Amino acid sequence: MLGFYLIIAVLFLGGGLYQLFVAQLPVFAVHSFLVALYFYVTFYELRGKPFSRHVYLITIWLLVADGLVNLLLVSESILSGMVSMFFAFLCLQSYRRIYRERA
């Protein structure tokens, strides 16, 4: 399972680099980078070494901002906005679960 998360993170990172430098689609590149960040954070969470709460809050904030931009400003990426919002919700749930157990 951990390998699956790592492979997805690497694929989205590679896709973001491709979209940024080859396809010249910066909005989709940022979305791909943020999805890769989410899977990277989740990878370390599943390994039992979660990041600090600031990393989770920054990831949640960035995913929500990306979701709002994709939903409201970029008309051809509504699905990307919904995916970003869903991952932000999942990251928020992970944040709550991790820091409720530590308290």
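Attention here is on the structure that accompanies the text. Quick caveat, the model's predicted, so the values are computed rather than measured. (Residues numbered from 1 in each chain as written. Predicted model: local features only at pLDDT ≥ 70, side-chain atom pairs only at ≥ 80, totals over all residues. Heavy atoms only, no water.)

## A short note on the nonpolar core
The biggest cluster of nonpolar side chains holds 18 residues, and the ones touching the most others in it are Tyr38, Phe39, Tyr56, Leu63 and Phe87. Where this core is concerned, the elements lending two or more residues are helix 1 (2-21), helix 2 (26-46), helix 3 (53-72) and helix 4 (78-102). Residue contacts for tyrosine 38: discarding those within four places in its chain leaves Leu63, Phe87, Leu90 and Cys91. (Core = buried A, V, L, I, M, F, W, Y, C linked by side-chain atoms within 4.5 Å. Buried < 20%, exposed > 50% of the residue type's maximum accessible area, 1.4 Å probe, protein only. Helix = DSSP H or I, 4+ residues; strand = E, 2+ residues; numbered from the N terminus. Contact = heavy atoms within 4.5 Å.)

## Brief notes about the packing of helix 2 against helix 3
Where helix 2 contacts helix 3, the two axes come as close as 10 Å, and the packing angle between them is 150°. When the axes of helix 2 and helix 3 are compared, the pair comes out roughly antiparallel. In the crossing of helix 2 with helix 3, the sense of the turn from one axis to the other is left-handed. Residues Val27, Val30, His31, Leu34, Leu37, Tyr38, Val41 and Glu45 of helix 2 touch helix 3, and the partners they reach there are Val55, Tyr56, Thr59, Leu62, Leu63, Asp66 and Asn70. (Axes fitted to C-alpha atoms, helices over the stretch in contact; angles between N-to-C directions. Parallel < 35°, antiparallel > 145°, perpendicular 65-115°, else oblique. Left-handed = near helix turned anticlockwise from the far one by under 90°.)

## With respect to the packing of aromatic side chains
Under the counting rule described, the total for this entry stands at 14 aromatic pairs. The interplanar angle of 70° and the centroid separation of 5.3 Å between the aromatic rings of tyrosine 38 and phenylalanine 39 together place this pair among those described as edge-to-face. Judged by relative accessible area, tyrosine 38 falls into the buried class, the value being 7%. Judged by relative accessible area, which is 9%, phenylalanine 39 ranks as buried. A ring pair is formed by phenylalanine 43 and tyrosine 44, whose centres lie 5.4 Å apart and whose planes are at 85°; its orientation type is edge-to-face. Among the residues examined, tyrosine 44 registers a relative accessible area of 22% and is labelled partly exposed. Pairwise contacts between aromatic rings join Phe4, Tyr5, Phe12, Tyr38, Phe39, Phe86 and Phe87 into one cluster. The ring of tyrosine 99 carries the charged tip of arginine 53 above its face, separated from the ring centre by 4.6 Å. (Phe/Tyr/Trp six-rings, centres within 6.5 Å; stacked < 30°, edge-to-face > 60°. Lys NZ or Arg CZ within 6 Å of the ring centre and 35° of its normal.)

## Comments concerning helix 3
With 20 residues, helix 3 extends 28 Å between its outermost C-alpha atoms, agreeing within 8% with the 28 Å of an ideal straight helix rising 1.5 Å per residue. Looking at helix 3, one finds that the buried residues are Tyr56, Thr59, Ile60, Leu63, Asp66, Gly67 and Asn70. Angularly, the buried residues of helix 3 cover 135° about the axis, an arc narrow enough to put them on a single face. Among the exposed residues of helix 3, those oriented more than 90 degrees off its buried face are His54, Ile58, Trp61 and Leu72. (Expected span 1.5 Å × (residues − 1). Arc of directions from axis to C-beta.)

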